[in-house]
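Each chain is listed here by its residues.
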Amino acid sequence: MQQAENDPVQAIATRLKIEREARGWSLAELAERSGVSKAMISKIERSEASPTATVLGRLSGAFGLPLSVLLALAERAQERVALQAEQPVWTDPETGYTRRAVSPANSPLELLDVSLPSGVRVPYPASAFAFQHQQIWVLAGRLDFQEGPVMHHLTEGDCLLLGPPADCVFFNPGKEPARYVVALARR
């Protein structure tokens, strides 16, 4: 088992299948988008063939990923645990908004733990939501989430599934920080 985890051909095969399935694409659709035959993609995903750099370049282009990113994701395929002490945290120097990336690096589902200070408003354009499905789960405090023309007033325990991409604003109307989880999955 340990050998399979360190096998780069197996890691690439697994990553390609994850990327294809995350987009809901069939083998035929990936073949059409990449110019790589359906039979070759199938062999690669089953670790029966090692892809050339040219084939990997075509596949990564179809996914909209630089080849270096696709390979980095494959190389980290064995990373299934993200220890809290090693999870990257980013704090907006202007607002104090804090975002911690909870998920392991290779996960098809991304979990973010966010703390939004009282009175802070964070806008995002529709383009930030175009390639992913999102849910917001409020763990503590209050969160007003404006999704296009619709305002959602969320409190502890509430979970919102975002609709089609729209300009959005996260706002904490409360006196205490709002803490929530954002779950992201690629479209």
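Cut-offs applied
Residues numbered from 1 in each chain as written. Predicted model: local features only at pLDDT ≥ 70, side-chain atom pairs only at ≥ 80, totals over all residues. Heavy atoms only, no water. Helix = DSSP H or I, 4+ residues; strand = E, 2+ residues; numbered from the N terminus. Polar contact = N/O pair within 3.5 Å; in protein donor to acceptor, adjacent residues only side chain to side chain. Phe/Tyr/Trp six-rings, centres within 6.5 Å; stacked < 30°, edge-to-face > 60°. Buried < 20%, exposed > 50% of the residue type's maximum accessible area, 1.4 Å probe, protein only. Lys NZ or Arg CZ within 6 Å of the ring centre and 35° of its normal. Contact = heavy atoms within 4.5 Å. Salt bridge = Lys/Arg side-chain N within 4 Å of Asp/Glu carboxyl O. Axes fitted to C-alpha atoms, helices over the stretch in contact; angles between N-to-C directions. Parallel < 35°, antiparallel > 145°, perpendicular 65-115°, else oblique. Nonpolar A, V, L, I, M, F, W, Y, C, P; charged D, E, K, R; others polar. Pairing = 2+ DSSP bridges. 1 Å grid on protein atoms, 1.4 Å probe; cavity = no way out; pocket = protein on both sides within 12 Å on 5 of 7 lines; lining within 4 Å. Points joined across faces, edges and corners; volume = space filled by probe spheres on them.

A. Molecular detail of the side chain of S34. The topology assignment puts S34 in helix α3 (residues 27–34). There is a polar contact of 3.1 Å between the side chain of S34 and the backbone nitrogen of V36.

B. Just the packing of aromatic side chains, in detail. Going through the model one piece at a time under the given rule, you end up with five aromatic pairs. For the pair F145 and F170, a centre-to-centre distance of 4.7 Å together with 65 degrees between the ring planes defines the contact as edge-to-face. Of this pair, F145 sits in strand β6 (residues 142–147) while F170 sits in strand β9 (residues 168–171), placing them 25 residues apart in sequence. Exposure class is identical for F145 and F170. Each is buried. Taken together, a centroid distance of 5.6 Å and an interplanar angle of 10 degrees make the contact between F170 and Y180 stacked. Of this pair, F170 sits in strand β9 while Y180 sits in strand β10 (residues 178–186), and the two are ten residues apart along the sequence. Pair check on accessibility: F170 and Y180 agree, each one buried. Joined through ring pairs, the aromatic side chains of Y124, F145, F170 and Y180 make up one cluster. For the cation-ring pair, R23 lies above W25, with the distance from its terminal atom to the ring centre recorded as 5.7 Å.

C. Up close: the side chain of N172. One can find N172 in the loop between β9 and β10. For N172, a relative accessible area of 0% puts it in the buried group. A polar atom in the side chain of N172 sits 2.8 Å from the backbone oxygen of E176. Contact partners of N172, with chain neighbours within four places excluded, come to L116, P117, S118, G119, V120, R142, P177 and A178.

D. Region of the structure containing the pattern of salt bridges. Considering all chains together, one arrives at eight salt bridges under this definition. In this structure, the salt-bridge partner of D113 is R100, at a minimum N-O distance of 2.6 Å. Residue D113 is found in strand β3 (residues 109–116), and its partner R100 is found in strand β2 (residues 98–101); the two are separated by 13 residues along the sequence. Ionic pairing is found between R179 and D113, a salt bridge with its closest N-O pair at 2.7 Å. On the criterion of sequence distance, the pair formed by R179 in strand β10 and D113 in strand β3 is long-range, its members being 66 residues apart.

E. Structural view of the packing of α3 against helix α5 (residues 53–63). Packing of α3 against α5 brings their axes to within 8 Å, and their N-to-C directions diverge by 105 degrees. Viewed along their axes, α3 and α5 adopt a mutual orientation that is roughly perpendicular. Contact residues: L30, R33 and S34 in α3; R58, L59, A62 and F63 in α5. Split into classes, the residues belonging to the contact of α3 with α5 amount to four nonpolar, one polar and two charged.

F. Spotlight on the sheet that holds strand β5 (residues 132–140). Strand order in the open sheet formed by six strands is β1-β2-β3-β10-β5-β8, and the pairing between neighbours is antiparallel. Looking at the sheet topology across the chains shown, the edges are occupied by β1 (89–91) and β8 (159–161). The mean inter-strand angle of the sheet, taken between neighbouring strand axes irrespective of direction, is 20 degrees.

G. Summary view of the environment of I41. Tracing the backbone shows I41 in helix α4 (residues 38–45). Along the sequence, I41 and V169 sit 128 residues apart, while their C-alpha atoms lie 41 Å from each other. Leave out the neighbours within four places in its chain, and I41 touches L27, L30, A31, S34, V36 and L59.

H. Spatial organisation of the layout of surface pockets. Of the volumes computed, that of the largest pocket is approximately 630 Å³. If you go around the largest pocket, you meet 30 residues; those closest to its centre are L73, A105, S107, E110 and R186. Counting only elements with at least two residues in the lining of the largest pocket, the list comes to α6 (67–75), β3 and β10. In terms of residue class, the lining of the largest pocket is built from 17 nonpolar, six polar and seven charged.

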